[in-house]
Amino acid sequence: MKDFKNKVAVITGAGSGMGRELAIELAKSGANIALAEIDETTLDETAELLKKYNVGVSKHILDVGNKEEVYNLPDKVIEEHGSVDMVFNNAGVGLASSVEDSTDEDWEWGLGILLHGVINGTRAFLPHLKKRPEAAIVNTSSIFGLLSVPNQSIYHVGKYGVRGFTESLALEMKMEKSNVEVYSVHPGHIGTNIANIGARNGKFEFDPEKQDDGPNIFGSKAKTVEEAGQLFKDKAPINANTAAKIILKNIKKKNKRILVGSDAYAYDLIQRIFPKWYIYLLPFVFLIRRLFPKDKPLNR
Ligand SMILES: NC(=O)c1ccc[n+]([C@@H]2O[C@H](COP(=O)([O-])OP(=O)(O)OC[C@H]3O[C@@H](n4cnc5c(N)ncnc54)[C@H](O)[C@@H]3O)[C@@H](O)[C@H]2O)c1
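Residues numbered from 1 in each chain as written. Predicted model: local features only at pLDDT ≥ 70, side-chain atom pairs only at ≥ 80, totals over all residues. Heavy atoms only, no water.

1. With respect to helix α1 (residues 17-28)
Because an α-helix completes one turn every 3.6 residues, residues spaced three or four positions apart along the sequence face the same direction.
Move 1: End to end, α1 covers 17 Å across 12 residues, agreeing with the expected 16 Å (1.5 Å per residue, within 8%).
Move 2: Among the 12 residues of α1, 11 are classified as buried, and the element is accordingly described as predominantly covered.
Move 3: Taken as a whole, α1 has its buried residues at G17, M18, G19, R20, E21, L22, A23, I24, E25, L26 and A27.
Move 4: Phi for G30, located one or two positions after α1, is positive at around 95°. (Helix = DSSP H or I, 4+ residues; strand = E, 2+ residues; numbered from the N terminus. Expected span 1.5 Å × (residues − 1). Buried < 20%, exposed > 50% of the residue type's maximum accessible area, 1.4 Å probe, protein only.)

Listed below in structure tokens is the structure:
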């Protein structure tokens, strides 16, 4: 899709991180935005930030894991904006647990959002997108949809699932010669609130005594789960705004598999070259990240 001007874009998880920044960057490009989010306060904040861009903005409070709420969304968006051209299935949550310690509730909650949220958003909007001359579905997987690490099994199932689902849909659209472009997004480590929000939901188990937990891979000794969430944000090589710009730049180039951040490229490469041993090589990526903590700013 070459131009976003006057397009209508639906963004889930628009209250924070990459969702919010996608909304801002798309509004700057002249797109009208339907903001979908579970948290009313952050949804309102994003809507406020979009006011200065003079584009159509609508707000929709929903849980992407609730099929009925998502299936009601297309009619509301079309009533408000007249049509829908782009859907960003971006909403997600962080959670960490070993397979042994995970509960049925963790699996249901995590996959409800990470996997079914994307399936719901895609299936609800696809018939409407097919009616447009040009349309796009942009599903957010992760680098954790390409390789695995310990204590992330629920997140991995969600993100590998999104990748498989999205690639299959992309082939279906290609074979049909459809107008609908299908993108899968694989961010590396991006400075957002995802670990904080996971902590708030009690889904990040973190024992400061056990420094083998996730936060330690960023080379810092966090004392509380909130501190770990903040470190996750501060230690990222790129921020959410740069990530959003990278995603949109790739959509303009019609690059259907979008890696976001130099760490995403490194993980992807290591996984391809060493499919069996990559887990032992990841510490070297972390070491390089410590030596070169930030990516170069994106020139646009
Ligand atoms: N930050 C990273 O390092 C990273 C890396 C790879 C992939 N991702 C993925 O990128 C996407 C965006 O995450 P982010 O990092 O910007 O995180 P974020 O926490 O800053 O934003 C996620 C947003 O989704 C919303 N949300 C959560 N559950 C929801 C639900 N059930 N219904 C509707 N909205 C809901 C949250 O309230 C929040 O506003 C997610 O899918 C995440 O898994 C993030």
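2. Let's talk about the site of the ligand
Move 1: Around the ligand lies a shell of 29 residues, among which S16, E37, N90, Y155 and T192 are the nearest.
Move 2: Measuring from a nitrogen atom of the ligand, one finds a backbone N or O atom of I38 at 3.4 Å.
Move 3: L62 is positioned such that a nitrogen or oxygen atom in its backbone is 3.4 Å from a nitrogen atom of the ligand.
Move 4: Here the ligand, which alone exposes 830 Å², has 96% of that area covered by the protein. (Near = heavy atom within 4 Å. Polar contact = N/O pair within 3.5 Å; in protein donor to acceptor, adjacent residues only side chain to side chain. Areas by Shrake-Rupley, 256 points an atom, 1.4 Å probe, with all protein chains shown as cover.)

3. Overview of the side chain of T122
Move 1: Mapped onto the elements, T122 comes out in helix α6 (residues 116-129).
Move 2: Those residues in contact with T122, other than ones at most four positions away along the chain, are N89, I137, N139, F165 and L169. (Contact = heavy atoms within 4.5 Å.)

4. Details of the nonpolar core
Move 1: Judged by nonpolar contacts, the single largest core of 42 residues is most densely connected at V10, V77, F125, L129 and V180.
Move 2: Among residues more than four places away in sequence, those in contact with F125 are V10, L73, P74, V77, V84 and V87.
Move 3: Of all hydrophobic cores here, the second largest spans 35 residues; its members include M18, L26, L35 and A47. (Core = buried A, V, L, I, M, F, W, Y, C linked by side-chain atoms within 4.5 Å.)

5. Things to note about unusual backbone geometry
Move 1: Residues other than glycine seldom take positive phi values, yet N6 does so here, at roughly 65°.
Move 2: The class for N6 is exposed, based on a relative accessible area of 59%.
Move 3: Despite not being glycine, K254 has its phi angle at roughly 60°, a positive value.
Move 4: Tracing the sequence through the fold places K254 in the loop between α10 (240-252) and β9 (257-260).

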